[in-house]
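# Fold and geometry: a report
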Amino acid sequence: MLRRIEQLLLDLAVVAVIGLGVLITTTVLLRVFFNSGVPDAIVMVRELMVAAIVLPLAVTTAQRAHIAVEFVSNRLPENGQKTLVVMGSVFGLLALAPLIYAGWREAAHAMTSGGFFFGELMLPKWPGRVIFLLGISFCWLRLFLMVVADVRAMRRGAPLAETAYATKD
Amino acid sequence: MDGTLVGLCAFAAVILLLGLRVPIAFALAGVATVGTFVLFAFRTGTFLPERAVTPTTSLVFSNSFDLIHSYDLSMIPLFVALGHIAYRADITTKIYHAARVWLARIPGGVAIASVVGCGGFSAITGSSIACASTMGRICSPEMLRMGYDKRLATASVAAGGTLGSLIPPSVLFIIYGIFTETSISSLFLAGILPGLLSLLGFILVIYVWVLRDPAAAPRFTGTITTREKFSAALEAWPAIALFTIIVGGIYGGFFTATEAAAVCVSAAILIGFAQRKLTLRSLVEALRETCVQTTAIFLIAAGAKIFVAFIALTGVAGDIVQAVTDAQLSPVLLLAAIAVIYLLLGMFLDPIGIMVLTLPLMVPLVETYGFDLIWFGVVVIKLLEIGLITPPVGLNVFVIAGVVGKEVPIDRIFSGILRFLSVDVIVLILIMAFPVISLLIPGSM
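Not measured: the values here are computed from a predicted model.

## With respect to the overall build of chain B
- Helices and strands together make up the secondary structure of chain B, namely 22 helices and zero strands.
- The C-alpha radius of gyration computed for chain B amounts to 23 Å, which stays within 12% of the reference 22 Å derived for 445 residues, consistent with globular compactness.
- Relative to its 445 residues, chain B shows a buried fraction of 61%.
- Long-range pairs, those at least 24 residues apart, make up 78% of the contacts in chain B between residues at least 6 apart in sequence.
- Positive and negative side-chain charges in chain B, numbering 24 and 23 respectively, have mean positions lying 14 Å apart.

## Quick notes on the interface of chain B and chain A
- Contacts between the two partners involve 51 residues from chain B and, on the opposite side, 56 residues from chain A.
- Interface of chain B and chain A: buried area, both sides summed, is about 4,900 Å²; carbon and sulfur atoms make up 78% of it.
- The interface formed by chain B and chain A holds two salt bridges in total.
- Its salt-bridge partner being B:Glu259, residue A:Arg31 comes within 2.8 Å of it at the nearest N-O pair.
- Broken down by element, the side of chain B that touches chain A gets its largest block of residues, 10 residues, from helix 15 (residues 280–314) of chain B.

## Things to note about the state of the cysteines
- Counted by the stated rule, this structure contains zero disulfides over all chains.
- B:Cys131 supplies the cysteine sulfur nearest to B:Cys118, a cysteine that is in no disulfide, at a spacing of 4.2 Å.
- Of all cysteine sulfurs in the structure, the one in A:Cys139 sits closest to B:Cys291, which takes part in no disulfide; the separation is 15 Å.

## Overview of the pattern of salt bridges
- For the coordinates displayed, the defined rule picks out 14 salt bridges over all chains.
- One salt bridge connects A:Arg142 with A:Glu6, and the closest N-O pair in it is separated by 2.8 Å. With A:Arg142 in helix 5 (residues 126–156) and A:Glu6 in helix 1 (residues 2–34), the pair connects residues that are 136 residues apart, well separated along the chain.
- Across the salt bridge formed by B:Arg100 and B:Glu142, the nearest N and O atoms sit 2.5 Å from each other. Residue B:Arg100 is located in helix 5 (residues 91–102), and its partner B:Glu142 is located in helix 7 (residues 128–145); the two are separated by 42 residues in the primary sequence.
- One network of salt bridges, with partners in common, ties together A:Asp11, B:Glu285 and B:Arg288.

## So, the packing of helix 6 (residues 109–122) of chain B against helix 7 of chain B
All names here are of chain B.
- The N-to-C vectors of helix 6 and helix 7 enclose an angle of 160°; their axes lie 10 Å apart at closest approach. When the axis of helix 6 is compared with that of helix 7, the two are roughly antiparallel. Viewed along their axes, helix 6 and helix 7 form a crossing whose handedness is right-handed. Only Ala130, Cys131, Thr134, Met135, Cys139 and Met143 of helix 7 make contact with helix 6, whose side of the interface consists of Val110, Ala111, Ser114, Gly117, Cys118, Phe121 and Ser122.

## Observations concerning unusual backbone geometry
- Geometrically, the link from B:Pro168 to B:Pro169 is a cis peptide bond, its omega value of 0° lying close to zero.
- Turning to its location among the elements, B:Pro169 is positioned in the loop between helix 9 (163–166) and helix 10 (171–180).
- Positive phi, normally seen in glycine, also occurs at A:Asp40, with a value near 55°.
- Within the element layout of this structure, A:Asp40 appears in the loop between helix 1 and helix 2 (41–54).
- Classification of A:Asp40 as buried rests on a relative accessible area of 15%.
- A positive phi is found at B:Asp90, a non-glycine position, where the angle reads about 65°.
- Structurally, B:Asp90 can be placed in the loop between helix 4 (75–88) and helix 5.

## Digging into the nonpolar core
Residues and elements named next belong to chain B.
- Core analysis: the biggest nonpolar cluster contains 215 residues, and Ile85 and Phe307 have the highest contact counts within it.
- Top contributing element to this core by residue count: helix 15, with 17 residues.
- Contact partners of Ile85, with chain neighbours within four places excluded, come to Val265, Ala268, Ile269, Leu278, Leu283, Ala286 and Leu287.

## Observations concerning the side chain of B:Asn396
Residue and element names in this part refer to chain B.
- Here Asn396 lies in helix 20 (residues 395–404).
- With relative accessibility at 0%, the residue Asn396 sits in the buried group.
- Discounting chain neighbours no more than four positions away, the residues touching Asn396 are Ser128, Ile129, Ala132, Ala158, Gly161, Thr162, Leu388 and Ile389.

Cut-offs applied
- Residues numbered from 1 in each chain as written.
- Chains lettered and ligands numbered in written order.
- Predicted model: local features only at pLDDT ≥ 70, side-chain atom pairs only at ≥ 80, totals over all residues.
- Heavy atoms only, no water.
- Helix = DSSP H or I, 4+ residues; strand = E, 2+ residues; numbered from the N terminus.
- Rg over C-alpha atoms; globule rule 2.2 N^0.38 Å.
- Buried < 20%, exposed > 50% of the residue type's maximum accessible area, 1.4 Å probe, protein only.
- Contact = heavy atoms within 4.5 Å.
- Lys, Arg positive; Asp, Glu negative; His and termini not counted.
- Charge placed at Lys NZ, Arg CZ, Asp CG, Glu CD.
- Buried area = accessible area lost by both parts, 1.4 Å probe.
- Salt bridge = Lys/Arg side-chain N within 4 Å of Asp/Glu carboxyl O.
- Disulfide = S-S within 2.5 Å.
- Axes fitted to C-alpha atoms, helices over the stretch in contact; angles between N-to-C directions.
- Parallel < 35°, antiparallel > 145°, perpendicular 65-115°, else oblique.
- Left-handed = near helix turned anticlockwise from the far one by under 90°.
- Core = buried A, V, L, I, M, F, W, Y, C linked by side-chain atoms within 4.5 Å.

Here it is as structure tokens:
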């Protein structure tokens, strides 16, 4: 189930990247040929950026694609390496927790206050903030499940799965 | 509580956590959050944690969200997408094939074509590791099959791959531009001449290598007609067109770097579909890879942004600048010290990690000395490029080792790299001694 949601979030991010390209290219073409533009294009691009960057966080985490320095850990025995991987994930859970709390506060505030971006379309502020909260929350959940799976694998003496998708959710 | 002490402890904690394999983004964000909380909690002299929660979470949210919620930075996913789409549309490999046909008769022609191919690949994509990985899969096995010296066949591509960071577009330049608040368009233009200089240096290394040891590269004995040559050159037009859009568009003032990225992605998709090299399925795959890769980059940048804000609160950067100023280091000595620090860090850390860790301290320092930040950016990126091929953690070397497998041991690749490293050091000295090499093109805008 979680995997399906994560794939959906990734595909939404793909749509957001396409949206970025289309929106900016259209703006350039309209400016060059008609001396015109897309209203509030900058605000829309900024909101799409949040979707493009934050929504794939859970998949990135599941694929263990976060960049880490492995120079020291590669010289440790296998069990030491596994311990460091789990420790890194636990630290990630701690580091992301304040972001979720802050994201929740901001999203709730944007929705209740009805904040909007000044411009022709007066676009609301809440979508970007809600997407941010959603992306970070799913990333946290995936990281938590990976910690649980990794600890179980360590207890069994089994190697850690290369990606979270190698094991059942 | 002494801000400088908290700042220095934070740097030590980040280095320790990085050594313990904690992902860079989590290490930076986690330490910065705790550090900010401690600073705010002790603001009145006594420990009042309830007073620290709101300012800490506000700082954490605003710095990470504002970084992502950016129009200018949309060029990062777009340039990353351009690389993936161009590869799947067979645009990047055509440059190598054209160079291979044209340079076949020159001693070491395939190795030189590989380096030229890397330069061409770099002109469309923004990542050194992506460049080494893609070109390595094509060039190194081919050279090994042709009987090239194993060191030459691998080291040339590992070194050529580093051009990805210097020749525009470059993800490292974009990240440098964010943290130093310098024009990314100017940085792109500033990287062109140093990039070409490095490319020429690598070609010279291969040429001299093969001249002194002809057995290192078997001579081409076949025939290539003029028609074949022109046909190969014509097939490379999409890559040339995309590079022209990027550089010509920015230099000519037609559009910004962000707009150049979007226009190039649209053009690459159209070319790919028109030439029937790109399918809807491969386009979606390319964009999925783009999203995962971009997210990993942005998470680090967001962690770094929070860390930079925290460091600004501590005032440690100002204290270090003061200490260096008091020591009355000459500009040359300062630059030499900076180069040594970057080269040492480059032996163990990845380029993005080094940059986000050092820039909060380095930028105020070089600004105090009156150095041009565009030129300093080129110097930093060149240093980071060198770090990609220096032992023991030369990322590009490991990428190539992964491609060629057990056929070429990693120490053999590193022994071949030494000749390219020597040229890199010469180019670095030239860039440092003659800032005009970097500043000529952006200065003429």
